[in-house]
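# Report on the structure
Each chain, letter by letter, is given below.
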Amino acid sequence: MSDTSTAYEPPVVVGVDGSEHSLRALEWALSAAEGLGAPLVVAHVRSDALQLGEARIASLGTAPELPDTVARAVRTVVEERGHRVPVRYDSLDGSVTDALPAAARGARLLVTGSRGHGGFASLLLGSTSRTLAMTAPCPLVVVPHEARAAALGAGAGAGRVLLGLHPEETSDEVVGFAFEAARDRGVPLEAVTAFRLPPPQGALLAAPSPALQVPPPLPLADDAEELIREARREQAERLGPFAARWPGVELVPVVVPGDAAGRLVEGSRDAGLVVVGRHHRHRLGSLLIGSVAHAVLHHALCPVAVVPPAPAPPAHGGARA
């Protein structure tokens, strides 16, 4: 599979399957591409039945061209809407979780819709989007099927950008993506750093026996203000170079005690985009979704961007990655 980048501008790639979820993602992706001045690649992975049928016909010595009815229908939707950027339509073979990451090499964004899971409306993420969040070679934007109608109706530029920031763990790629997204949309960037307070003194239980000794107690909740001041200092140091690079972005720093995922999900009610990082690398080298990103992907009410870190440097001399 060749790269989808062009000599002029890396594209926005959107995966479609004809479902309402993917058409919602298509509208968001087209609006985003127009805002960025980037070409759009509409990618449809053909069904297993269609791929198998074509292979069987080809085995008889003919070269079939079975029509991709989904791609045709999606093309009609796009052309009826109209577009201000070049649009290309690709019919892909293979599995969705292999074909879309391959199609998105060199892309600016990969956009997908989400599917309900297990019949629970609050769980917005399907298995395909969850896998893509771990494997996409570029930032993945998942557009939930219950995203706010106002945000989607106004296009991909509606609402502030909400960044989940851990000063020590969030990569430069994630922070830079959030600043660029806020700049391109002309909206504020709210950077949220949340942390759990240690339990109050009364909640600390004595060890039932000398064999079960515990470490010295953590600082008490009475020290919350000091912890918040320290977190604010760390956040300011982390964001300072990016704020200097993008001085036109209105930065709203937020440091609060509490659950980071819960704060981001709550903030997604009136945000246009939540940005989180995919920064946990398994010992075998594969990238895993952190707990905050996982929870936000499942429960956020607006589109969520999962930004991968920079590729790991290659191993040398047999060293382990």
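Quick note: structure is the one above.
Structural notes, computed from the coordinates. (Residues numbered from 1 in each chain as written. Predicted model: local features only at pLDDT ≥ 70, side-chain atom pairs only at ≥ 80, totals over all residues. Heavy atoms only, no water.)

### Brief notes about the overall build of the protein chain
- Scanning the protein chain from terminus to terminus reveals 10 helices and 12 strands.
- Per-residue burial for the protein chain yields a buried fraction of 44% across its 321 residues.
- Expressed as a percentage of contacts within the protein chain between residues at least 6 apart in sequence, the contacts between residues at least 24 apart total 77%. (Helix = DSSP H or I, 4+ residues; strand = E, 2+ residues; numbered from the N terminus. Buried < 20%, exposed > 50% of the residue type's maximum accessible area, 1.4 Å probe, protein only. Contact = heavy atoms within 4.5 Å.)

### Quick look at the side chain of H44
- In this structure, H44 sits in strand β2 (residues 40–45).
- Residue class for H44 comes out buried when judged on its relative accessible area of 7%.
- Setting aside residues up to four positions removed in sequence, H44 forms contacts with V16, D17, D68, V70, A71, D90, S91 and L92.

### Regarding the packing of helix α4 (residues 96–103) against helix α5 (residues 127–135)
- Where α4 meets α5, the axes come as close as 10 Å, and the angle between the chain directions of the two elements is 45°. In terms of orientation, α4 and α5 fall into the oblique class. Here α4 and α5 pass one another in a crossing that is right-handed. On α5, the residues that touch V96, T97, L100 and P101 of α4 are T128, T131, L132 and T135.
- Split by residue class, the contact of α4 with α5 holds four nonpolar, four polar and no charged. (Axes fitted to C-alpha atoms, helices over the stretch in contact; angles between N-to-C directions. Parallel < 35°, antiparallel > 145°, perpendicular 65-115°, else oblique. Left-handed = near helix turned anticlockwise from the far one by under 90°. Nonpolar A, V, L, I, M, F, W, Y, C, P; charged D, E, K, R; others polar.)

### Things to note about helix α7 (residues 172–185)
- The end-to-end C-alpha distance of α7 is 20 Å, a good match for the 20 Å that 14 residues give at a rise of 1.5 Å each.
- Considered for burial, the residues of α7 that qualify are V174, V175, G176, F177, A178, F179, A181 and A182.
- Positive backbone phi, approximately 70°, marks G186, located one or two places after α7. (Expected span 1.5 Å × (residues − 1).)

### Re the sheet that holds strand β3 (residues 87–92)
- The mixed open sheet is built from 10 strands, whose spatial order is β3-β2-β1-β4-β5-β12-β9-β6-β7-β8. The open sheet has two edge strands with one neighbour each: β3 and β8 (251–257). Strand-to-strand, the axes of this sheet are offset by a mean angle of 25°, without reference to chain direction.
- As paired strands, strand β4 (residues 109–113) and strand β5 (residues 140–143) are joined by four bridges and run parallel to one another. Note that in β5 the partner of T112 across the bridge is V142. (Pairing = 2+ DSSP bridges.)

### Some words on helix α10 (residues 291–299)
- Restricting attention to buried positions, one finds in α10 the residues A293, V296, L297 and H298.
- On the buried face of α10, the contacting elements are α5, β5, α9 (260–267), β9 (271–277) and β12 (304–307).

### Side note on the pairing of β5
- Because side chains alternate across β5, one face comprises the buried residues L140 and V142, and the other comprises V141 and V143, equally buried.
- Where β5 and β12 come together, three bridges link them in antiparallel fashion. Bridge assignment links V141 to a residue of β12, and that residue is A305.

### Quick word on the nonpolar core
- Membership of the largest hydrophobic core comes to 43 residues, with the highest contact counts inside it found for V14, L40, V42, V111, L163 and V275.
- If we ignore the near neighbours within four places in the chain, the residues touching V275 are V161, L162, L163, G164, V174, F177, A178, A305 and V307.
- In terms of nonpolar packing, the next biggest core, distinct from the first, is built from 31 residues, L100, L132, A136 and L140 among them. (Core = buried A, V, L, I, M, F, W, Y, C linked by side-chain atoms within 4.5 Å.)

### Thoughts on the environment of S127
- In this fold, S127 is placed in helix α5.
- Residues S127 and S114 lie 13 residues apart in sequence; the distance between their C-alpha atoms is 8.8 Å.

### Concerning the pattern of salt bridges
- Counting across every chain of the model gives 14 salt bridges.
- Measuring nitrogen to oxygen at the nearest pair gives 3.2 Å for the salt bridge that ties E34 to R81. Note that E34 is positioned in helix α1 (residues 20–36) and R81 in helix α3 (residues 69–81), a separation of 47 residues in sequence.
- A relative accessible area of 12% means that E34 is categorised as buried.
- Through salt bridges with shared partners, one network takes in E9, R108, R183 and D184. (Salt bridge = Lys/Arg side-chain N within 4 Å of Asp/Glu carboxyl O.)

### Quick look at the environment of P144
- Tracing the chain through its elements places P144 in the loop between β5 and α6 (149–153).
- Sequence spacing of P144 and H21 is 123 residues, and the spatial spacing of their C-alpha atoms is 7.5 Å.

### A closer look at the packing of α7 against helix α8 (residues 224–245)
- Contact geometry of α7 with α8 gives a least axis separation of 10 Å together with a crossing angle of 45°. With respect to α8, the element α7 is oriented oblique. Seen along the crossing, α7 lies across α8 with a hand that is right-handed. On the side of α7, the interface is formed by D172, V175, G176 and F179, while α8 contributes R238, L239, F242 and A243.

### Concerning the environment of P247
- Looking at the element boundaries, P247 is found in the loop between α8 and β8.
- Judged by its relative accessible area of 68%, P247 falls in the exposed class.
- Considering only alpha carbons, one finds P247 and R183, 64 residues apart in sequence, at a separation of 9.4 Å.

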